[in-house]
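Structure at a glance
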There are 2 protein chains.
Amino acid sequence: MPGIDQVAKLAGVSTATVSRALSGNGHVSEPTRHRVRAAALELGYVVSSNASSLATGRTRNIGVVIPFINRWYFGAVLEGAEQALLGHGYDLTLYNLSGGDDQRRSVFEHFLLRKRVDAVIAISLELTGDEVDRLMDMHKPIVGVGGSIAGVRTLSIDDAAVARLATDHLLALGHRTIAFIGGNREYDMDFHVPSQRRAGFTAALATAGIDADPELFRAADFTIPGGYAAAKQLLGNPRTRPTAIFAASDEMAIGAILAARDLGLSVPDDVSITGVDDHELAAFFGLTSIAQFPALQGRMAVDILMDQLHPDHTALASSNTPLPFELIVRSSTARPKL
Amino acid sequence: MPGIDQVAKLAGVSTATVSRALSGNGHVSEPTRHRVRAAALELGYVVSSNASSLATGRTRNIGVVIPFINRWYFGAVLEGAEQALLGHGYDLTLYNLSGGDDQRRSVFEHFLLRKRVDAVIAISLELTGDEVDRLMDMHKPIVGVGGSIAGVRTLSIDDAAVARLATDHLLALGHRTIAFIGGNREYDMDFHVPSQRRAGFTAALATAGIDADPELFRAADFTIPGGYAAAKQLLGNPRTRPTAIFAASDEMAIGAILAARDLGLSVPDDVSITGVDDHELAAFFGLTSIAQFPALQGRMAVDILMDQLHPDHTALASSNTPLPFELIVRSSTARPKL
DNA sequence: GTGAAAGCGCTAACAC
DNA sequence: GTGTTAGCGCTTTCAC
């Protein structure tokens with residue numbers, strides 16, 4: 001493991017020059033730069049990020065805090081962020097907060113504060129004022145994805161608007177008896193995504209002059225089996241069966257499609273179904289969905305951070321940037337049969 | 001951001017004592033230890049991991065290199081590793097190698113060598129001799145999951161045995177015309193998992209005195225849609241239709257179940273289907289599967305690393321540890337109809 | 001454009 | 001059991 005001094009010796013310059021030549025900070029003549037590069041290459045020299053971080057105060061490492069890894073949306077955001085960071089020469093340190101409050105506290109109190117990261121990206125996590133303050137105190141930029149956080153730059157889709165769009169699509173097709181599969185309490189913790197989607201759903205119905213029937217609401221856990229079970233309940237009773245279902249996630253919508261099939265109902269002839277996410281399986285199931293673009297969300301979070309970390313910094317200190325979403329109509333929705 | 005010297009001042013001791021008291025290395029009297037802890041707490045002091053790493057040469061950070069994030073198996077291994085590392089006070093830096101050769105090279109040449117990680121876990125990646133050497137040169141332990149690598153401590157299931165077990169299950173039920181859905185070249189790159197599973201399949205058939213019919217083999221991409229398409233081909237022709245399908249992954253097996261349903265075939269009455277993984281959806285689909293335990297695999301990899309990093313080090317330098325697997329029989333397999 | 005030297009914040013000998 | 005001190009390997013003024 002050669003050090004900077006060996007490179008300096010080999011190139012016949014000082015360590016200061018090596019540092020400048022390799023980092024691009026400060027002026028070095030072309031010939032010198034070349035000699036240094038050659039020497040570094042020959043020795044297989046790679047800077048020690050610790051020494052460099054200690055000297056500069058910057059780590060080129062971003063902490064990403066995320067509640068799940070193995071759910072499509074979260075994995076996709078993570079993937080997007082990872083690619084973007086790698087492209088900028090940054091590392092990504094992953095903190096998966098699936099372990100409850102203790103773990104969350106320990107991550108915030110010990111891990112993130114060790115000066116190991118330059119900034120943090122929080123995915124679908126509503127940071128507490130205290131958590132934000134501690135990071136701010138250390139001058140660590142934060143960007144949140146998936147909901148707005150007081151005092152923090154965030155990116156999020158307008159969940160109520162998403163739900164309204166989905167519901168309006170169903171209404172426009174002529175549906176009047178529309179069920180909603182939302183989330184249970186556990187999933188409402190952080191940004192109340194399920195509640196907000198339900199609110200948008202209810203609002204859209206209200207605008208169309210329809211009262212939301214509490215019988216047509218089911219809570220589930222954002223998974224395929226959860227959506228399946230909820231839809232079975234909704235669709236099983238022929239007297240109260242809705243002509244359409246809006247599920248707050250594509251996974252649940254896919255579960256609903258499978259439930260309809262198992263009940264001998266045809267989608268969309270007997271029941272129209274729509275979800276949210278544009279999950280990788282949505283096309284396969286012909287699922288009409290409201291796309292949000294998780295990989296893009298990850299990349300955007302990184303862009304904002306880079307902006308904040310590197311002094312072009314036009315940055316608005318705190319604000320929420322709305323994220324794009326888009327109705328993708330496939331074969332799971334149609335006019336209701338007369 | 002208070003430094004160690006401030007803590008020292010407040011506690012009325014030297015920085016060395018603070019370091020000892022906080023890290024647990026070296027002897028400090030109980031009262032002193034308490035005073036130091038109290039001072040640290042009061043100031044909100046957290047060690048700078050950079051300074052500490054620079055001084056000790058250890059980072060308490062592990063690099064994890066993984067080809068996919070958003071596939072169930074990989075996500076689960078990652079999750080397992082992450083939990084285990086957090087528990088040991090280690091950070092996890094994630095390198096997702098989905099971007100092709102250039103990215104892979106850059107990760108190995110620049111990122112992993114910056115002395116930022118103490119060790120690396122490679123998931124389903126067959127490291128080249130060169131990649132191994134460079135890491136070894138830096139005295140960085142490596143553990144591989146998912147296949148054996150020359151000179152490296154690895155954990156892997158015996159893919160051929162897994163396939164034999166699945167095939168034997170089908171044979172024991174009385175099936176004689178069994179199709180195999182494997183992987184295409186792209187998925188065979190690293191540890192030849194698809195080829196090995198195919199070999200096990202063929203071997204099991206041979207033992208039963210059956211020649212594998214090349215018409216009953218289809219390559220797919222380890223996804224649900226891929227398995228669906230392959231199964232449609234296999235099951236569509238009534239003259240050549242197999243009575244059972246063994247898919248090299250649960251995702252493909254689930255696709256096959258859906259294909260069978262779409263063709264009006266009953267599972268398992270008309271066709272038995274089995275997969276590998278015990279995917280989180282396997283139970284939902286009643287899929288018979290060979291479970292491997294990815295989260296456990298991640299945890300085991302971490303345990304081995306901890307062992308290697310901390311001087312209990314009974315460690316066998318290089319060897320492959322077989323991983324457990326287990327047949328889980330559900331409702332997707334049964335005797336063939338006469 | 002380049003070099004000398006003073007840190008960055010901590011740890012680990014080595015003394016006492 | 002605790003303090004002193006010399007680094008760990010870089011970066012960055014400040015001179016020249």
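Keep in mind that this is a model prediction, so the values were computed, not measured. (Residues numbered from 1 in each chain as written. Chains lettered and ligands numbered in written order. Predicted model: local features only at pLDDT ≥ 70, side-chain atom pairs only at ≥ 80, totals over all residues. Heavy atoms only, no water.)

**Description of the sheet that holds strand β10 (residues 288-292) of chain B**
Across a sheet, paired strands are connected by hydrogen bonds in the backbone, their directions being either parallel or antiparallel. Residues and elements named next belong to chain B. The 6 strands are arranged β7-β6-β8-β9-β10-β12 in an open sheet whose pairing can be described as mixed. In the strand order of this sheet, the two ends are held by β7 (217-220) and β12 (325-328), each with one partner. Ignoring which end each strand starts from, the neighbouring axes of this sheet average 15 degrees apart. Sheet analysis places strand β9 (residues 272-277) next to β10, joined by 4 bridges and oriented parallel. Pairing of Thr-274 across the sheet is with Thr-288, part of β10. Across the sheet, helix α11 (residues 224-236) is in contact with β6 (178-183), β7 and β8 (244-247); its angle to β7 comes to roughly 160 degrees. (Pairing = 2+ DSSP bridges. Helix = DSSP H or I, 4+ residues; strand = E, 2+ residues; numbered from the N terminus. Axes fitted to C-alpha atoms, helices over the stretch in contact; angles between N-to-C directions. Contact = heavy atoms within 4.5 Å.)

**A few points about the pattern of salt bridges**
Pairs may arise between side chains of opposite charge once their charged atoms sit close together. The final tally for this structure, using the stated rule, is 18 salt bridges over all chains. For B:Glu30, the salt bridge identified is with B:Arg33, shortest N-O distance 3.2 Å. Linking B:Glu30 with B:Arg33, this pair stays in helix α3 (residues 30-43), spanning 3 residues, or about one helical turn. With a relative accessible area of 44%, B:Glu30 lands in the partly exposed category. Note on B:Arg33: relative accessible area 15%, which makes it buried. Through salt bridges with shared partners, a single ionic network connects A:Asp91, B:Arg114 and B:Arg116. (Salt bridge = Lys/Arg side-chain N within 4 Å of Asp/Glu carboxyl O. Buried < 20%, exposed > 50% of the residue type's maximum accessible area, 1.4 Å probe, protein only.)

**Description of the packing of helix α11 (residues 250-262) of chain A against helix α12 (residues 250-262) of chain B**
Interhelical geometry of α11(A) versus α12(B) gives an angle of 35 degrees and a closest axis separation of 13 Å. You can see that α11(A) and α12(B) cross each other, and the crossing is left-handed. Of α12(B), the residues touching α11(A) (which contributes A:Leu258, A:Arg261 and A:Asp262) are B:Leu258, B:Arg261 and B:Asp262. Taken together, the residues of the contact of α11(A) with α12(B) sort by class into 2 nonpolar, no polar and 4 charged. (Left-handed = near helix turned anticlockwise from the far one by under 90°. Nonpolar A, V, L, I, M, F, W, Y, C, P; charged D, E, K, R; others polar.)

**Looking at the environment of A:His27**
Following the sequence through the fold, A:His27 ends up in the loop between α2 (15-23) and α3 (30-43). Between the alpha carbons of A:His27 and A:Thr17 there is a distance of 8.8 Å; along the sequence they are 10 residues apart.

**Considerations on the interface of chain A and chain B**
Contacts between the two partners involve 53 residues from chain A and, on the opposite side, 52 residues from chain B. Between chain A and chain B, the buried area comes to about 4,700 Å², and carbon and sulfur atoms account for 57% of it. Here A:Asp91 and B:Arg116 are joined by a salt bridge, their closest N and O atoms 2.4 Å apart. Inspection of the region where chain A meets chain B yields 25 residue pairs in polar contact (both at pLDDT 80 or more). (Buried area = accessible area lost by both parts, 1.4 Å probe. Polar contact = N/O pair within 3.5 Å; in protein donor to acceptor, adjacent residues only side chain to side chain.)

**Looking at unusual backbone geometry**
In the segment running from A:Val267 into A:Pro268, the intervening peptide bond is cis, with an omega of 10 degrees. Structurally, A:Pro268 is set in the loop between α11 and β9 (272-277). Positive phi is not limited to glycine here, since B:Asp277 has a value of about 140 degrees. Relative to the helices and strands, B:Asp277 resides in strand β9. By relative accessible area, which is 5% here, B:Asp277 ends up buried.

**Focus: the sheet that holds strand β10 (residues 288-292) of chain A**
All names here are of chain A. Taken in spatial order, the 6 strands of this open sheet run β7-β6-β8-β9-β10-β12, and their pairing is mixed. Taken across any chain shown, the strands that pair with only one partner, and hence form the sheet edges, are β7 (217-220) and β12 (325-328). On average, adjacent strands in this sheet sit at an angle of 15 degrees to one another, irrespective of strand direction. The strands touched by helix α10 (residues 224-236) within the sheet are β6 (178-183), β7 and β8 (244-247), with β7 carrying the most contacts at an inclination of about 160 degrees.

**Thoughts on the environment of B:Phe293**
All names here are of chain B. Looking at where Phe-293 falls in the secondary structure, it is placed in the loop between β10 and α13 (294-309). When the C-alpha positions of Phe-293 and Ala-282 are compared, they lie 13 Å apart, and in sequence the two are 11 residues distant. Not counting residues up to four positions away in its chain, the partners in contact with Phe-293 are Pro-324, Phe-325 and Glu-326.

**Quick look at the pairing of strand β2 (residues 91-96) of chain A**
Residue and element names in this part refer to chain A. Buried residues dominate β2, accounting for 6 of its 6 residues. Of the two faces of β2, the one holding Asp-91, Thr-93 and Tyr-95 and the one holding Leu-92, Leu-94 and Asn-96 are both buried throughout. The pairing of strand β1 (residues 61-66) with β2 spans 6 bridges and is parallel. Residue Gly-63 lies in a different strand from β2, and its bridge partner there is Thr-93.

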